[in-house]
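Coordinates in review
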Amino acid sequence: MHEANLGPLTHDWAALDRDLSRILPSDALVRKRQELLAYDCDGLTIDRHQPPLAVLPRTTDQVAATLRCCRDHGVPFVARGSGTGLSGGAVTEQEALLVVTSRMRQILALDLPNQTITVQPGVINSWVTRAVAGEGFYYAPDPSSQVVCSIGGNVAENSGGVHCLKYGVTSNHVLGMEVVLPDGSVTHLGADLVECPELDLRGAFIGSEGTLGIATAITLRLLRAPERVSVLLADFPTMEAAGEAVRLVTAAGVLPAGMEIMDNFMINAVNDLFGHDEYPRDAAAVLLVELDGQAAEVAVAADRAAQLCRDAGARGVRRADEAADRALLWKGRKSAFAAVGQISSTYYVQDGVVPRSSLPQVLSAIEDLSRDHGLPVANVFHAGDGNLHPLILYSRDEPGVDARVKELGAAILRECLAVGGSITGEHGVGADKRCYLDWMFSPDDLATMRRLRLAFDPEGLANPGKIFPTPTSCAEASRKVVTLPADPSVVAF
Amino acid sequence: MVRELHATSSPWIPSGLGTRMHWGAALQPSPLISLRQCNTVLEHAVDDLTISVQAGLSLTDLQAALAEQNQWLPIDWPWGSHHQAKTAGTVGGLVARGLTGGLRHRHLGVRDQIIGIGLIRSDGLEAHAGGRVVKNVAGYDLMRLLCGSWGSLALISELTLRVQPIRPARALLNLKGALDALEAWRAEVVASTLTLELLNWQQDPKQELGIQAGIASVSDAAVRDQLNRLESLAETHGLKAERHPWDGPLPPPAARPTNPDDEDSQQWLLRISLPPSQAQALFSSQEAQALRDWHWNLAAGAGCGDAWSDQASTRAQVQALRSRVTALGGRLSVLIQPISQPSEETLPAWTDAPSRPLIEAVKRQFDPLQQLSRGRLPGVAKPVPIA
C-alpha cells in the first residue's frame with residue numbers, strides 16, 4: 001500500500017488515507033498497486049508515475065472534503081479526468097494524491113430555452129451533444145478524443161477540435177463553473193451568463209491545466225445544429241498551393257467550420273490502410289473544408305470555396321452534401337493515426353501553432369528537419385488555425401532514437417516560434433512542454449502568470465510542477481533519456 | 001513613471017482617451033496615466049486575420065485601418081458613441097470594460113477576440129501573455145483576466161486581436177407587436193437554424209418595445225432567404241416587420257453621444273445581463289414598467305445590454321430593478337448614475353460576486369499596494385477603502 005515509483009515518500013500517507021476513509025465511501029479509494037497502474041500516465045506515455053493513492057469522488061462535497069484533507073496534511077493533489085491528455089498533465093510526477101473525476105458523470109441541469117447545460121466534470125464530451133441532439137442542439141468543441149475525454153479535462157486544457165476554427169474552443173463555450181479551490185473551499189466563477197460583471201476568473205481558470213483547483217460543475221453553451229453541412233476535398237500538387245487555398249478561402253469571408261490538411265506521407269499511409277487509392281498518391285496535400293450554417297449561405301459558400309481551391313491550383317475538388325458522402329470524405333482524416341500506426345508502432349505527436357500564412361514555410365522547414373534528423377514525419381493538421389500536428393515516426397529498438405525524437409520535436413517548435421507561433425495549440429504544456437515555455441515567454445511574463453497561481457493556490461498544492469519551467473525539472477529533462485511509446489489507440493487531438 | 005509611483009505607493013488610474021472614466025464605481029481621485037499617445041498599429045497580418053495594436057489606438061482608427069483591407073473587429077461601438085474618435089474611446093478602454101452590444105449574438109464578446117496582451121504591472125514591470133496566433137494554450141489566459149478588469153489589475157499596453165473579413169451583404173429587420181408575440185418569435189428564432197448577425201430588444205420613450213434583427217452574409221440570396229423566413233415567422237405571430245438597409249458592418253449606435261462633463265445630468269446607464277428567456281419577464285415586471293420612459297437595448301439571444309435615461313428616476317427605482325434582475329437569475333451593473341446629494345448614498349456599481357474573496361486575492365497579487373483605480377474592483381460592491 002502507498003507504494004509509488006516516486007522514490008521515498010515524505011508525507012504520512014497512512015494518516016491521509018485514514019482521514020480520507022472517514023469522508024469518502026470505501027470504494028472511492030484506490031490503494032492497490034495493480035489498480036493504480038491505470039493512472040500512471042495519460043495519452044502521452046513518455047513518463048510513467050504511479051500515484052501513491054487515488055480517490056474517485058462523486059460529489060462536490062466529496063471533492064471539497066478531499067482537498068481540505070490534503071491541505072491539512074500538506075499533501076499536493078493532481079486532478080484527472082479520462083486521462084486522454086497529451087502533455088502529461090494528469091500524472092503525479094511528484095508525491096501527490098490523484099483525484100479522479102470519472103465518477104462525476106451526472107448532467108445536473110438542462111435549460112434549453114437558454115441553451116445551456118450544467119454537467120459534472122467527468123461527463124464525456126460527446127455525451128453532452130448526445131443529451132441534446134434530439135432537440136436539435138449540440139456542444140461545439142469536439143476534440144478528436146471526444147468519445148472518451150471529459151468536460152472537466154476539456155476545461156483544464158481549454159480543448160479545441162476540428163470545428164473550433166469557426167466556433168471557438170472550450171473557453172468560448174463555458175458560462176460558469178463551480179470550483180473547489182486548493183484549500184477545499186467552494187466558489188462559483190462566472191454567473192452562467194454570457195457576460196458577468198466581475199473579474200473573469202472563469203476565463204483565467206480555463207486552460208490552467210489543473211493548477212488552480214478542480215471544477216466540479218460546469219455550465220456550457222449549446223448551439224443549434226446547422227441547417228446544412230457541405231464538405232469539400234481538394235488535392236494539390238504542392239503544399240504551397242494548399243496553403244494558398246486556405247488563405248483565399250479565409251480572406252473571402254467564407255468562414256468554414258473546419259479546414260484540415262494531410263501531406264503526401266499521410267495520404268499514402270491512408271491509401272495503404274484502405275487498400276485502395278482514396279486520394280491521388282502523387283498529391284502533395286489534400287485539403288478538407290467543412291462549411292455549415294444556413295442552407296442558402298452554405299450553397300454559395302461551398303461554390304465559392306471550391307472555385308478558390310481551383311484558383312489556388314487544386315487538381316480536383318470533390319464535394320459532399322449528404323451525411324454518408326461527407327463521412328466518406330472525412331474517413332481518411334479520421335483514419336490518419338491508425339494509418340500511421342500501420343507503418344510505425346511508435347510515434348510522437350507534436351502540437352505547434354503558426355500563423356496561417358506561414359504554413360507552407362514551416363512545413364518545408366519540418367521536411368528539412370525530418371531529413372536532417374533521419375526520422376520520417378507525417379503531417380495532418382488544422383490548417384484553418386495553423387495548428388500543426390507533426391507525427392514523428394521511429395523505431396524504439398534503434399539505439400539513441402529517443403533523444404533524436406525529442407530533439408526533432410523541439411526543433412519543430414523552434415520553427416513555429418520563429419514565425420510568431422506557439423508551442424501548443426490544444427494539448428497544453430503540462431509536464432511535456434514546461435521546459436519550452438520560456439522560449440515563448442520572458443521570466444517577467446512567467447512571474448506575472450505565477451501571481452494568478454498564488455491567488456488561487458498560495459501553498460502550491462494543485463498539480464505541482466506543471467506548466468512552469470523550473471531549473472530542477474528542466475535540467476533533469478535535458479539529461480533524461482526518455483522512451484516514447486506512442487499508443488495508436490489513443491487519438492486525442 | 002509607473003515604477004516611480006510604485007516606489008512611493010502612490011495611487012493612479014490607467015486611462016485611454018478618458019471618455020468613460022465616470023463609468024462604474026467612483027474612483028478615488030488620482031493621477032491618470034493615459035496611453036492616448038501610444039496609438040499605433042504594430043502589425044496587421046492581413047492574411048492571418050489578426051492585428052496587433054498599442055492599447056491607446058482609438059477604436060475608429062482601428063476600424064478604419066481594418067476597413068482598408070475589407071476587415072473589421074466585430075464589436076459594437078461603445079454605448080454613447082459612434083464613429084467619432086472623441087466619443088468611441090480606445091481599444092484598451094474597450095477591453096478594460098469588456099462590454100459588447102448586439103453583435104455578440106454571432107461574434108461573442110470582447111474577451112473572445114483577444115489572442116495576445118501586453119501589460120504594465122503596478123510595479124512597472126512589463127509582461128505579455130497569449131501571442132499572435134488564433135489558437136494557443138501556452139501559459140495562463142491573462143487576456144481574459146484583464147478583459148473587464150476596469151483598470152484594477154494592470155495597465156493594458158498592447159493587444160493582439162482576431163478580426164474578420166467584412167461580409168458584403170446585409171439587412172436589418174425591425175419587428176413590432178405585443179410582448180408575448182415578440183418573445184414567441186424571439187424564442188423560435190434563437191432555437192432555429194437561422195444565423196443572425198444581431199438580435200436586439202429595443203425600446204425608446206417615443207416607441208414601443210420591439211426587436212431588431214440583423215443579417216449579414218457572403219451572399220445577397222442568403223440574406224433575402226433569411227429575411228423571408230423571419231418575416232414569414234413574424235406573420236404567424238401577428239407581428240409587423242419592416243426591412244431597413246444596413247450600411248454596416250457595424251450596427252448604428254443605439255444612443256446619442258453623451259457629455260460626461262455635464263454635472264447637472266440626470267443620466268442613468270445600467271448594464272443588464274440575464275438568461276435570455278427571462279427578458280420578457282423583466283420587461284413586463286412592475287419594476288421595469290416603472291421605467292417605461294427609459295431606453296432599452298438588450299441582445300435578445302445573449303441576454304445582455306444597456307438601459308439608460310436622462311430623465312429623473314430615483315435610486316429606489318433602480319435598486320428595485322436590480323433586485324428584479326437578480327431574482328430572474330441576472331446581474332445589473334450601474335455604470336452611470338446622477339451626481340448624488342451629500343446625504344444620498346450612491347448605488348454600488350457592482351454587487352458582490354460569490355468569488356469575492358478570490359477576486360480580492362487576485363487584486364492583492366497584481367496590485368499589492370492597491371495603487372490602481374482605487375475604489376473600483378469588478379465583482380466587489382465596496383472595495384476596502386485605503387487611507
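Predicted, not measured: the structure shown is a model, and the values here were computed from it.

Turning next to the overall build of chain B. Broken down by element type, chain B carries 12 helices and 17 strands. Taking 21 Å as the expected radius of gyration for a compact globule of 387 residues, we find that chain B reaches 21 Å, a close match to that expectation. Judged by the C-alpha coordinates and their principal axes, chain B covers about 65 × 55 × 35 Å. A separation of at least 24 residues holds for 71% of the contacts in chain B among residues at least 6 apart in sequence.

A separate point is the packing of helix α7 (residues 179-190) of chain B against helix α8 (residues 220-236) of chain B. Any two packed helices are characterised by the angle at which their axes cross and by the distance between the axes. All names here are of chain B. Remark: α7 packs on α8, axes separated minimally by 9 Å, with the N-to-C direction vectors making an angle of 145 degrees. Every pair of crossing elements has a handedness; the one defined by α7 and α8 is right-handed. Between α7 and α8, the contacting residues are Trp185, Glu188 and Val189 on the first element and Leu230, Leu233 and Ala234 on the second. Class assignment for the residues of the contact of α7 with α8 results in 5 nonpolar, no polar and 1 charged.

Another aspect to go through is the sheet that holds strand β2 (residues 54-55) of chain A. All names here are of chain A. Taking strand neighbours across the sheet as the criterion, the 4 strands line up as β1-β2-β4-β3 in an open arrangement whose pairing is mixed. Where the open sheet ends on each side, the last strands, each with one partner, are β1 (29-30) and β3 (77-80). Note: β2 against strand β4 (residues 97-100), 2 bridges, orientation parallel. Bridge pairing in β4 places Ala54 opposite Leu98.

Next up on the list: the interface of chain A and chain B. Across the boundary between the two partners, chain A contributes 84 residues, which contact 79 residues of chain B. Counting each side, the surface lost to burial between chain A and chain B is near 6500 Å², with a carbon and sulfur contribution of 57%. The largest share of the area that chain A buries against chain B comes from Glu195, Leu199 and Arg451 of chain A, three residues that together contribute 12% of it. The interface formed by chain A and chain B contains 9 salt bridges. Inspection of the chain A/chain B interface yields 29 residue pairs in polar contact (both at pLDDT 80 or more). Listed by contribution, the elements that provide at least two residues to the side of chain A that touches chain B are α6 (164-167), β9 (186-189), α7 (201-205), α8 (239-251), α10 (295-312), α15 (437-440) and α16 (443-456) of chain A. Ranked by the residues each element gives to the side of chain A that touches chain B, the list is headed by α16 of chain A, at 11 residues.

Once that is clear, we can look at the domain arrangement of chain B. Residue and element names in this part refer to chain B. Examined at the domain level, chain B breaks down into domain 1 (2-165), domain 2 (169-244) and domain 3 (268-336). Placing the centre of domain 1 and that of domain 2 at their C-alpha centroids yields a distance of 32 Å. Contact residues are listed per partner, giving 6 residues for domain 1 and 8 residues for domain 2. Taking both sides of the interface into account, the surface hidden between domain 1 and domain 2 amounts to around 580 Å²; carbon and sulfur atoms contribute 48%. For domain 1, the biggest contributors to the area lost against domain 2 are Gly102, His105 and Arg106; these three give 80% of the whole. Taken together, the links from domain 1 to domain 2 amount to 3 residue pairs in polar contact (both at pLDDT 80 or more). Broken down by element, the side of domain 1 that touches domain 2 gets its largest block of residues, 3 residues, from helix α5 (residues 104-107). Its residues assigned to classes, the side of domain 1 that touches domain 2 comprises 2 nonpolar, 3 polar and 1 charged.

What counts, and at which threshold
Residues numbered from 1 in each chain as written. Chains lettered and ligands numbered in written order. Predicted model: local features only at pLDDT ≥ 70, side-chain atom pairs only at ≥ 80, totals over all residues. Heavy atoms only, no water. Helix = DSSP H or I, 4+ residues; strand = E, 2+ residues; numbered from the N terminus. Rg over C-alpha atoms; globule rule 2.2 N^0.38 Å. Contact = heavy atoms within 4.5 Å. Axes fitted to C-alpha atoms, helices over the stretch in contact; angles between N-to-C directions. Left-handed = near helix turned anticlockwise from the far one by under 90°. Nonpolar A, V, L, I, M, F, W, Y, C, P; charged D, E, K, R; others polar. Pairing = 2+ DSSP bridges. Buried area = accessible area lost by both parts, 1.4 Å probe. Salt bridge = Lys/Arg side-chain N within 4 Å of Asp/Glu carboxyl O. Polar contact = N/O pair within 3.5 Å; in protein donor to acceptor, adjacent residues only side chain to side chain. Domains from an automatic or database assignment.

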